[in-house]
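A closer look at the structure
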Amino acid sequence: MTKAYANLIDGEMVTTSDTIEVVNPANEQVIGVVPSCTKDELDRAVDAARRAFKTWKKTSAEERQKVVQGIAAAIKDNAEELYRLLTSEQGKPHAQAQQEIYGAAGLAAAQSTLTLDDVINQDDDTRLSRTRRVPVGVVGGIVPWNFPIMMAIQKIVPALVAGCTIVLKPSPFTPLTTLRIAELLKDVVPAGTVNIITGPDELGPMITEHPGIDKITFTGSTATGKKIMEGASRDLKRITLELGGNDASIVLPDADVEKVAEQLFWSSFSNAGQVCIAAKRIYIHEDIYDDLSKAIAEYAKGVVVGDGSQQGTGVGPIQNKKQFERVCELIQDAKDNGYQFLTGGDTDPSGTGYYVPITILDNPPEDARIVAEEQFGPVMPLMKFSTVEEAIERANNSEYGLAGAVWTKDTEKGVEIAEQLETGTVWVNEFMQLSPFTPFGGHKQSGIGAEYGLDGLKEFTNPQVITVKRDAAV
Ligand code: NAD
């Protein structure tokens, strides 16, 4: 049966007459309907957030911490229901949905402890000068469909911790779990501090341009990020943009083929490759290229592509039809150009469910679309390199700069290479490792600003300097 979900506005669960259908990507069946908000509901949400801000900004760090810990507990206590729902709308296998739900609860609990202390700039006979961080105001949060819960929590939590209130918009493709959490939060957060509204993509620009919103925190594609920057410029809203990536991994000849094969596989195929920080280009030294590419292809044979709710599934469907068609198009382009496949490549756009087989390409050229563009699907191009200098140059030859990885037994060499990569994060001998206390953000067209850690928290504040002249003649 199709369940109707409601929005959270000013502490109340609210519905609209128009709704949006949400589809399970594993079987294309409608599994829920959500409100389709217009400017009216947005105005109500912003108005509630502005009123709530007046009192929330004056609360102590301890009070805010308590509320945020309540959010963590609400998610954790309902984890099983939430991860099952997440799989049904997003497609990711249960184990990965579980990781996202527990990860979001963990992130909330950890970030509840962050505080931005005052900084004393000068303290002498002449003057006392102090910088404090004041909350920026009402935040507009806009979230994509690949990690709907993690992304929502990493916007809601620092906003609240900083003393801001928020109006959050999930992706129209994956709003259900977020709205179930909204229902749980109704009795956890003070009315108006967190408002969650759903609607089509067109609701996004309305948020970006709303005069009652002071800051936009956005995760999504680079193309949309540019539109957001433009919309936010009208009244100089603060912006944090976490955008696309085309992350490169560089594997040096001393890497242990058997040990890295499995890790490299999951660095590309986790969440069916729909991860901003997935390895999307793998550069392997020519000395181990044949052995390692064979080992990865061999490992891939044991991974099941299917419905994420079924036990044993390792790679679920693509989340939505548009993205499915895009990935199929990239694979078709590779076939049309005669590139070699180690495995996969046979897509069936007419089948039920948005399934793409695990697809690994054998040394396609650097300018192949499947290498140069962000695939955002279960596709992994493996490329051969001869010298480290060449690998670094090829890795950096991208408009993106989100993350990257180096695989080698020589960690000193790994760090030396890492420092030459033009990305916000570089891992040596691991992948997708993020910490609630460490800044995460993109260089180049992968973003502006950072989330996570004190750097991320600061983005929800403005610095205010107060000086007192001590030897004034007054
Ligand atoms: P998207 O840009 O299409 O949509 C993201 C959100 O923006 C959705 O809620 C959508 O409704 C909204 N939106 C659409 N048009 C808008 C507009 N003109 N103004 C304001 N909001 C608008 O992205 P997506 O397809 O949902 O997500 C995939 C992309 O997100 C990939 O490029 C991926 O790399 C990126 N991503 C980045 C990170 C990161 O942290 N850097 C994390 C996850 C995903």
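Residues numbered from 1 in each chain as written. Predicted model: local features only at pLDDT ≥ 70, side-chain atom pairs only at ≥ 80, totals over all residues. Heavy atoms only, no water.

Going by an unreviewed UniProt entry, the protein chain carries the name Aldehyde dehydrogenase and comes from Qipengyuania nanhaisediminis. Database annotation for the protein chain, UniProt heading Sequence similarities (unreviewed entry): "Belongs to the aldehyde dehydrogenase family." (UniProt positions renumbered as here; feature names shortened; annotations may be inferred.)

**Some remarks on the site of the ligand**
By nearness alone, 30 residues border the ligand, and Val143, Lys169, Asp201, Leu243 and Glu374 come closest of all. In the environment of the ligand, an oxygen atom lies 2.9 Å from a nitrogen or oxygen atom belonging to the side chain of Trp145. Within the backbone of Gly220, an N or O atom sits 3.2 Å from an oxygen atom of the ligand. Here the ligand, which alone exposes 850 Å², has 91% of that area covered by the protein. With respect to the pocket detection grid, the ligand is positioned in the largest pocket. Looking at the shell around the ligand, the elements that each hand over two or more residues are α7 (203-209), β11 (215-219) and α8 (222-232). Broken down by class, the residue content of the shell around the ligand amounts to 15 nonpolar, 10 polar and five charged. (Near = heavy atom within 4 Å. Polar contact = N/O pair within 3.5 Å; in protein donor to acceptor, adjacent residues only side chain to side chain. Areas by Shrake-Rupley, 256 points an atom, 1.4 Å probe, with all protein chains shown as cover. 1 Å grid on protein atoms, 1.4 Å probe; cavity = no way out; pocket = protein on both sides within 12 Å on 5 of 7 lines; lining within 4 Å. Sits in = over half its atoms within 2 Å of the grid points. Helix = DSSP H or I, 4+ residues; strand = E, 2+ residues; numbered from the N terminus. Nonpolar A, V, L, I, M, F, W, Y, C, P; charged D, E, K, R; others polar.)

**Topic: the sheet that holds strand β5 (residues 29-35)**
Taken in spatial order, the three strands of this open sheet run β1-β5-β4, and their pairing is mixed. Pairing within the sheet leaves two strands with one partner each, and these edge strands are β1 (3-4) and β4 (19-24). By the bridge criterion, six bridges tie β4 to β5 in an arrangement that is antiparallel. Within β5, the residue paired with Thr19 across the bridge is Pro35. Contacting β4 and β5, helix α3 (residues 79-90) runs over the sheet at an angle of about 95° to β4. Each of β4 and β5 touches helix α6 (residues 176-185); the most contacted strand, β5, lies at about 50° to it. (Pairing = 2+ DSSP bridges. Contact = heavy atoms within 4.5 Å. Axes fitted to C-alpha atoms, helices over the stretch in contact; angles between N-to-C directions.)

**Brief notes about the UniProt feature "active site" (unreviewed entry) in the protein chain**
UniProt's feature table lists "active site" (unreviewed entry) at Glu242 and Cys276, given in the numbering used throughout. Annotated residues spanning 35 residues; largest pairwise C-alpha distance 8.9 Å, indicating a single compact cluster. Lining the largest pocket, out of the annotated residues just given, are Glu242 and Cys276. Mapped onto the fold, Glu242 is located in strand β12 (residues 238-242). Look past the residues within four positions of Glu242 in its chain and what remains in contact with it is Phe218, Thr219, Gly220, Phe440, Gly441, Gly442, Ser446, Gly449, Ala450 and Glu451. Of note, Cys276 is situated in the loop between α9 (257-269) and β14 (279-285). Apart from the residues lying within four places of it in its own chain, the contact partners of Cys276 are Asn146, Leu243, Gly245, Asp247, Glu374, Phe376, Leu402 and Phe440.

**So, the pattern of salt bridges**
A complete count under the given rule lists 27 salt bridges for this structure. The shortest N-O distance in the salt bridge between Lys301 and Glu298 comes to 3.1 Å. Of this pair, Lys301 and Glu298 both sit in helix α10 (residues 286-301), three residues apart, roughly one helical turn. In this structure, Glu422 engages Lys444 in a salt bridge whose closest nitrogen and oxygen atoms are separated by 2.8 Å. Placement of the pair is Glu422 in the loop between α14 (411-418) and β22 (425-428) and Lys444 in strand β23 (residues 443-444), with a sequence separation of 22 residues. Residue classification places Glu422 among the partly exposed residues on the basis of a relative accessible area of 38%. (Salt bridge = Lys/Arg side-chain N within 4 Å of Asp/Glu carboxyl O. Buried < 20%, exposed > 50% of the residue type's maximum accessible area, 1.4 Å probe, protein only.)

**With respect to the layout of surface pockets**
Vacant regions in the atomic arrangement are exposed by a probe of water-molecule size rolled over the atoms. Of the pockets and cavities examined, the largest pocket occupies roughly 1,200 Å³. Residue lining of the largest pocket: 40 residues in total, with Phe218, Gly220, Ser221, Thr224 and Lys322 positioned closest to the centre. Mapped by element, the contributors of at least two residues to the lining of the largest pocket are α7, β11, α8 and α11 (321-336). The element best represented in the lining of the largest pocket is α8, accounting for seven residues. Taken together, the residues of the lining of the largest pocket break down into 15 nonpolar, 13 polar and 12 charged. Two domains share the lining of the largest pocket, each providing at least three of its residues, namely domain 1 (3-243 + 446-465) and domain 2 (247-428). The calculated volume of the second largest pocket comes to roughly 850 Å³. Lining the second largest pocket are 34 residues, and of these Gln96, Gln99, Glu100, Phe147 and Ser270 sit closest to its centre. Every element with two or more residues in the lining of the second largest pocket is listed here: α4 (94-111), α5 (148-162) and β16 (313-315). (Points joined across faces, edges and corners; volume = space filled by probe spheres on them. Domains from an automatic or database assignment.)

**Section: the domain arrangement of the protein chain**
If you check the domain split of the protein chain, you get domain 1 (3-243 + 446-465) and domain 2 (247-428). A C-alpha centroid distance of 31 Å is found between domain 1 and domain 2. Facing the 21 residues of domain 1 at the interface are 27 residues of domain 2. Of the roughly 1,900 Å² buried at the junction of domain 1 and domain 2 (both faces included), carbon and sulfur atoms supply 53%. Run the count over domain 1 and domain 2 and you get zero salt bridges. Scanning the region where domain 1 abuts domain 2 turns up 12 residue pairs in polar contact (both at pLDDT 80 or more). Only α3 and α4 provide two or more residues apiece to the side of domain 1 that touches domain 2. Residue contributions to the side of domain 1 that touches domain 2 peak at three residues, all from α3. Within the side of domain 1 that touches domain 2, the residues separate by chemical class into eight nonpolar, 10 polar and three charged. (Buried area = accessible area lost by both parts, 1.4 Å probe.)

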